[in-house]
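Results of the structural survey
Residue strings, one per chain:
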Amino acid sequence: TVNAEYMGNLINTEIIQKMSDIVLGYWGIKGRAEPLRFLLALTNLKYTEKVYTSPEEWAADKEQLNTNFPNLPYIKHGDKIYTESQALAIMICHSGNKPEFLGKTPEDQVHVTQLLGVIGDIQAPLFKDAMAADYVEQVKQKFETAVAPKLHLISNFLATKNWLLDYLTIADVQLCFTLESVSYTHLTLPTIYSVQISVVAVSLKKK
């Protein structure tokens, strides 16, 4: 697990903000980059996208990236490349002067990390076969056993709150993305989740 405070110390916000606009590299789909797009919007960070259209194009670029860990998605600042989704989320929050998105206190940061783990368990069966022709049917078959139990836990934790904690964090952004992904399968979600999607959407529209 990436330590948020340690990453924050590594990233000099002033230097990053003076650099050229952020470049987000990923495929031309929502995928793992979508929560990062949400965060970039919520933190008012300007960015452009480098969209890869084929494995061959990515393979050619991959060898040229100035990083020890080439992967998609990535974020480019000047001549530096950063990878791994969780690290990128932390970087965006610090660069956009929103460290509270990671949790305002050490205890809250633990809760955020815990929630991200549970949400990750929900995402795993949803995204495992996302490119399969019968993807929707596969999700429907494993929804009750692999997805619903974790959603029930999140539902109980969310209760009547707008946010998983008492304020917006990266866990809410990940949950919003996950719930939107479930909605694409036309499965019916409890009403409580529509609140979570709408409050994040409203926050994004204000940007």
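Described in the following lines is the structure provided in the data block.

Calculation notes
For every chain, the first residue of the written sequence is number 1, and numbering continues from 1 onward in sequence order. In view of the model being predicted, local features appear only for residues whose pLDDT reaches at least 70, and side-chain atom pairs are presented and counted only at 80 or more, with totals across whole chains, interfaces and linings using the full set of residues. Hydrogens are left out, water is left out, and the side-chain values use all remaining heavy atoms of the structure. Under the scheme used here, helices are H or I runs from DSSP no shorter than 4 residues and strands are E runs no shorter than 2 residues, and both carry numbers assigned from the N terminus. Each residue is assigned to one of three classes by its accessible area relative to the maximum for its type, calculated with a 1.4 Å probe on protein chains only: buried under 20%, partly exposed between the two thresholds, exposed over 50%. Lines are fitted to the C-alpha atoms to define the axes, a helix being fitted only along its stretch in contact, and any angle between axes, read from their N-to-C directions, falls within 0 to 180 degrees. Working rule for angles: under 35 degrees goes down as roughly parallel, over 145 as roughly antiparallel, 65 to 115 as roughly perpendicular, anything else as oblique. The contact criterion used throughout is that any non-hydrogen atoms of two residues lie within 4.5 Å. Each pair of strands is called paired provided DSSP finds at least two bridges between the two strands. To qualify as a nonpolar core, a set must consist of buried Ala, Val, Leu, Ile, Met, Phe, Trp, Tyr and Cys residues joined through side-chain atoms within 4.5 Å. What qualifies as a polar contact is a pair of N or O atoms within 3.5 Å, subject to a donor-acceptor requirement within protein and to the restriction that residues adjacent in sequence count only when both atoms come from side chains. Only Phe, Tyr and Trp rings take part, Trp by its six-membered ring, and two of them pair if their centres are within 6.5 Å. Stacked means planes under 30 degrees apart, edge-to-face means over 60, and tilted covers everything else.

**Section: unusual backbone geometry**
For residues other than glycine, phi is negative in most cases, and the peptide bonds are mostly trans. A cis amide bond links Leu72 with the next residue in sequence, Pro73, at an omega value of 0°. Mapped onto the elements of the fold, Pro73 is located in the loop between α4 (55-62) and β3 (74-77). A positive phi angle is found at Asn44, which is not glycine, with a value near 60°. Note on placement: Asn44 falls in the loop between α3 (34-42) and β2 (47-52). A relative accessible area of 54% places Asn44 in the exposed class.

**Re the packing of α3 against helix α5 (residues 85-95)**
Axes are the key here: two packed helices are described by the angle between their axes and the distance separating the axes. The geometry of α3 relative to α5 is characterised by a closest axis approach of 10 Å and an angle of 5° between their N-to-C directions. Relative to α5, α3 is oriented roughly parallel. Across from Leu36, Leu39 and Leu40 in α3, the residues of α5 making contact are Ser85, Leu88, Ala89, Ile92 and Cys93.

**Points about the pairing of β3**
Side chains on a regular strand alternate between the two faces of the sheet. Where strand β1 (residues 22-27) meets β3, three bridges bridge the pair, whose relative direction is antiparallel. Within β3, the position partnered with Gly25 by the bridge is Tyr74. In this sheet, strand β4 (residues 80-83) lies alongside β3 in antiparallel orientation, the contact comprising four bridges. The residue of β4 that forms the bridge with Lys76 is Ile81. Between β3 and β4, which pair antiparallel one after the other, the connecting turn spans two residues, and Gly78 there sits at a positive phi close to 60°.

**What about the nonpolar core?**
With 50 residues, the main nonpolar core has Leu39, Ile154, Leu164 and Ile170 as its most contacted residues. Counting residues per element, this core draws most heavily on helix α8 (residues 170-183), at eight residues. Ignoring any residue separated from it by four or fewer positions in sequence, one finds Leu39 in contact with Ala89, Ile92, Cys93, Phe101, Ile170 and Val173.

**What to know about the side chain of Thr178**
Along the chain, Thr178 falls in helix α8. Residue Thr178 is classed as buried on the basis of its relative accessible area, which comes to 0%. Only 2.9 Å separates the side chain of Thr178 from the side chain of Gln123, close enough to count as a polar contact. Discounting residues that sit within four places of it in the chain, Thr178 has contacts with Ile119, Ile122, Gln123 and Leu126.

**Observations regarding the environment of Lys80**
Looking at the element boundaries, Lys80 is found in strand β4. Expressed as a C-alpha distance, the spacing of Lys80 and Leu65, which sit 15 residues apart in the sequence, is 8.4 Å.

**Topic: the packing of aromatic side chains**
Summed over the entire model, instances satisfying the criterion amount to four aromatic pairs. Ring centres 5.3 Å apart and planes at 75° place the aromatic pair Tyr52 and Trp58 in the edge-to-face group. For the pair Tyr52 and Trp58, a shared accessibility class is recorded, and that class is buried. Pairing Trp58 with Tyr74 gives two aromatic rings, centres 6.3 Å apart and planes at 25°, and the pair type is stacked.

**Considerations on α5**
Burial analysis of α5 places nine of its eleven residues in the buried class, the great majority of the element. If you check which residues of α5 are buried, you get Ala87, Leu88, Ala89, Ile90, Met91, Ile92, Cys93, His94 and Ser95. Looking at the residues trailing α5, positive phi occurs at Asn97, about 55°.

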